[in-house]
Amino acid sequence: MTEDTIAAIATPLGEGGLAVVRLSGAQACAVAERCFVPLGQKSLKPSEAPSHTIHYGRIEREHAVVDEVLVAVMRAPRTFTREDVVEITCHGGVLPAKLILDTLLAVGARLAEPGEFTKRAFLNGRIDLAQAEAVTDIIRARTELALSAAHEQLAGKLSQRINELRDELMRVLAHLEAHLDFPDEDISPDTTEQLLRRLEQGIAFIEELLRTAPEGQVLRRGLRAAIVGRPNAGKSSLLNQLLGHDRAIVSPVAGTTRDTIEETANVRGLPVVFIDTAGLREAADALEEEGIRRSRESLARAELVLCVLDGSEPLTPADSHALEQCRDRKHLLVRNKSDLPLRWTLPEETKGPVLALSCRTGEGIEALKDAIRDTVYAGGLPAEMLQAMINSRHQDALRRAGEAARAALAALRRQATLEIVALELRIAVNAVGEIVGKTATEDLLDSIFSQFCIGK
Ligand SMILES: Nc1nc2c(ncn2[C@@H]2O[C@H](COP(=O)(O)OP(=O)(O)OP(=O)(O)O)[C@@H](O)[C@H]2O)c(=O)[nH]1
Ligand SMILES: [Mg+2]
């Protein structure tokens, strides 16, 4: 199938040292050749250049110089897209890259759609769908842990598990279908027993993968942690400590923070979005009232609540109110100002440990970071599952697969006709296949690749 040759700027728009314009397709070398003039002693025309070599020269358009460049020539199939790829490295800055792109479009290339290079890598069988998604995860990773998880996915760790699961379900299905072809032969009780066991194992594995979803989500988009408590408890001081710089205003005036402040920090490899909020109390004016309303909103949306109490003063009704607000939420109780004498103990009914710390001296902050990490990994995910953290699309597909597989299991147990069992099992196999793109509709592909940036 002859596809057109696509081109796009692969680096962010803006001033920089270098920029890269990328070409991919059967005509990549021919298109580059129409505007590239080799200059170096050993520089060659792209069509004559051996694969994986770099050539110095100029891009020209109608005999006018566009920019001085290096051209990398990479021939199929050892390229990202498995097609011929030419990468033109030019001076950084908005104009050089844009003018080179315009020139390439004028001499026969087509502007690439978002994600089209990666889509070609997928369509040409170089990577599967889960690996293609890992490319976006790598680009968007905000911590090293998130990055290494994305690299595992790109390397195929998740795909391998998904393929094993699908193969296993397929084998059960093949067995059933063989029986469907010979309806006179009854399926033996032994065989049924074996099929039941294999289905149960498949379902257990689906459930294990589903349990990685929360961790996967946290790594991809960060954990939302709201810092709440009464005015002056030290919420803004805690935010600043966790971020490592003075982001929020701190003052002895109760009601200093009026608006919510969001900032992301790297906590033991997890991206955590901390939200400092206005102190919870009876509002003194309309402005504070709005601030408190926003605090409550943040509290409602947070996945973790850090409830800050001031250890140096007796608890007030406002503290009890804050404690009440987070009782049914995943939360950590923080007793701040441990550099001052402790003036209270918590009532019996307040469950969970209290982390003592001081935002003034920094004492206890590291322990709090450990505690935040533990709230995410408290489920005790086995280490090998960290290599296979699913995203929400995988989660949706696995839920459907699990449902169908359970229906198949139930049908087999109650000795329903094998057609029904096979029907459910086929739904499960297809749903699992969606994850790696073995059964992917055009719509699904569009929705995945349209989320990519142009040039990737
Ligand atoms: N001694 C001591 N003082 C602290 C500590 N943490 C905060 N403070 C002081 O407590 C006061 C209030 O701190 P903030 O961080 O502004 O408190 P807040 O909870 O954000 O207050 P609002 O924004 O008004 O709700 C400031 O004067 C801080 O310097 C601490 O660990 N020890
Ligand atoms: Mg504050």
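These figures come from a predicted structure and were not determined experimentally.

### With respect to the coordination of the magnesium ion (ligand 2)
Right, so step 1: The protein atoms that coordinate the magnesium ion (ligand 2) are Ser 236 (OG) and Thr 257 (OG1), at distances of 1.9 to 2.1 Å. In this pair, Ser 236 sits in helix H9 (residues 235-243) while Thr 257 sits in the loop between H9 and strand E9 (261-267), placing the two residues 21 residues apart along the sequence. Accessibility assignment for this pair places Ser 236 and Thr 257 in one class, buried.

### Some details on the packing of aromatic side chains
Right, so step 1: Taken as a whole and judged by the stated rule, the model has 2 aromatic pairs.
Right, so step 2: A centroid spacing of 6.2 Å and a plane angle of 35 degrees characterise the contact between Phe 122 and Phe 449, whose relative ring orientation is tilted. Of this pair, Phe 122 sits in helix H3 (residues 116-123) while Phe 449 sits in helix H15 (residues 442-449); the two residues are 327 residues apart in sequence, bridging distant segments of the chain.
Right, so step 3: Phe 449 sits in the buried class, given a relative accessible area of 2%.
Right, so step 4: Here a set of aromatic residues connected by ring pairs shows up, and it is made of Phe 122, Phe 449 and Phe 452.
Right, so step 5: When the ring centre of Phe 117 is taken as reference, the NZ or CZ atom of Arg 22 above it lies at 4.9 Å.
Right, so step 6: For Lys 456, the ring lying beneath its charged end belongs to Phe 80, and the centroid distance is 4.9 Å.

### A few points about the site of ligand 1
Right, so step 1: Close contacts around ligand 1 come from 23 residues, with Lys 235, Ser 237, Gly 255, Thr 256 and Cys 359 the closest.
Right, so step 2: In the model, an oxygen atom of ligand 1 is placed 3.4 Å from a nitrogen or oxygen of the Pro 252 main chain.
Right, so step 3: Separating a nitrogen atom of ligand 1 from a side-chain N or O atom of Asp 339 is a distance of 2.8 Å.
Right, so step 4: Here ligand 1 loses 92% of its free accessible area of 660 Å² to cover by the protein chains.
Right, so step 5: Take the shell around ligand 1: its biggest share by element is 3 residues, from H9.

### Considerations on the packing of H9 against helix H12 (residues 365-377)
Right, so step 1: Contact geometry for H9 and H12: axes closest at 11 Å, N-to-C directions at 80 degrees. Comparing the axis directions of H9 and H12 gives the class roughly perpendicular. On H12, the residues that touch Leu 238, Gln 241 and Leu 242 of H9 are Ile 365, Leu 368 and Lys 369.
Right, so step 2: Split by residue class, the contact of H9 with H12 holds 4 nonpolar, 1 polar and 1 charged.

### Considerations on a nonpolar patch on the surface
Right, so step 1: Residues Leu 39, Ile 54, Tyr 56 and Leu 70 make up a contiguous nonpolar surface patch of roughly 360 Å² in combined accessible area.
Right, so step 2: By the element assignment, Ile 54 lies in strand E4 (residues 53-61).

### Structural notes on the environment of Glu 289
Right, so step 1: Summarising the element assignment, Glu 289 is placed in helix H10 (residues 286-301).
Right, so step 2: It is 9.3 Å that separates the C-alpha atoms of Glu 289 and Ala 278, two residues lying 11 residues apart in sequence.

### A closer look at the sheet that holds strand E11 (residues 304-310)
Paired through backbone hydrogen bonds, the strands of a sheet run either parallel or antiparallel to each other.
Right, so step 1: With respect to topology, 6 strands assemble into an open sheet ordered E9-E10-E8-E11-E12-E13, the strand pairing being mixed. Strands at the two margins of the open sheet, each flanked by one partner only, are E9 and strand E13 (354-356). The average angle at which neighbouring strand axes cross in this sheet is 30 degrees, direction not considered.
Right, so step 2: Across 5 bridges, strand E8 (residues 223-229) lies against strand E10 (residues 270-276) in parallel orientation. Following the sheet pairing, Leu 223 is matched in E10 by Val 272.
Right, so step 3: Its contacts with the sheet put H10 on E8, E10 and E11, and the angle it makes with E8 is roughly 140 degrees.

About the cut-offs
Residues numbered from 1 in each chain as written. Chains lettered and ligands numbered in written order. Predicted model: local features only at pLDDT ≥ 70, side-chain atom pairs only at ≥ 80, totals over all residues. Heavy atoms only, no water. Donors = N, O, S within 2.8 Å, 3.2 Å for Na, K, Ca; no water. Helix = DSSP H or I, 4+ residues; strand = E, 2+ residues; numbered from the N terminus. Buried < 20%, exposed > 50% of the residue type's maximum accessible area, 1.4 Å probe, protein only. Phe/Tyr/Trp six-rings, centres within 6.5 Å; stacked < 30°, edge-to-face > 60°. Lys NZ or Arg CZ within 6 Å of the ring centre and 35° of its normal. Near = heavy atom within 4 Å. Polar contact = N/O pair within 3.5 Å; in protein donor to acceptor, adjacent residues only side chain to side chain. Areas by Shrake-Rupley, 256 points an atom, 1.4 Å probe, with all protein chains shown as cover. Axes fitted to C-alpha atoms, helices over the stretch in contact; angles between N-to-C directions. Parallel < 35°, antiparallel > 145°, perpendicular 65-115°, else oblique. Contact = heavy atoms within 4.5 Å. Nonpolar A, V, L, I, M, F, W, Y, C, P; charged D, E, K, R; others polar. Patch = residues over 30% accessible without salt bridge, like charges linked within 9 Å, V, L, I, M, F, W, Y side chains within 5 Å. Salt bridge = Lys/Arg side-chain N within 4 Å of Asp/Glu carboxyl O. Pairing = 2+ DSSP bridges.

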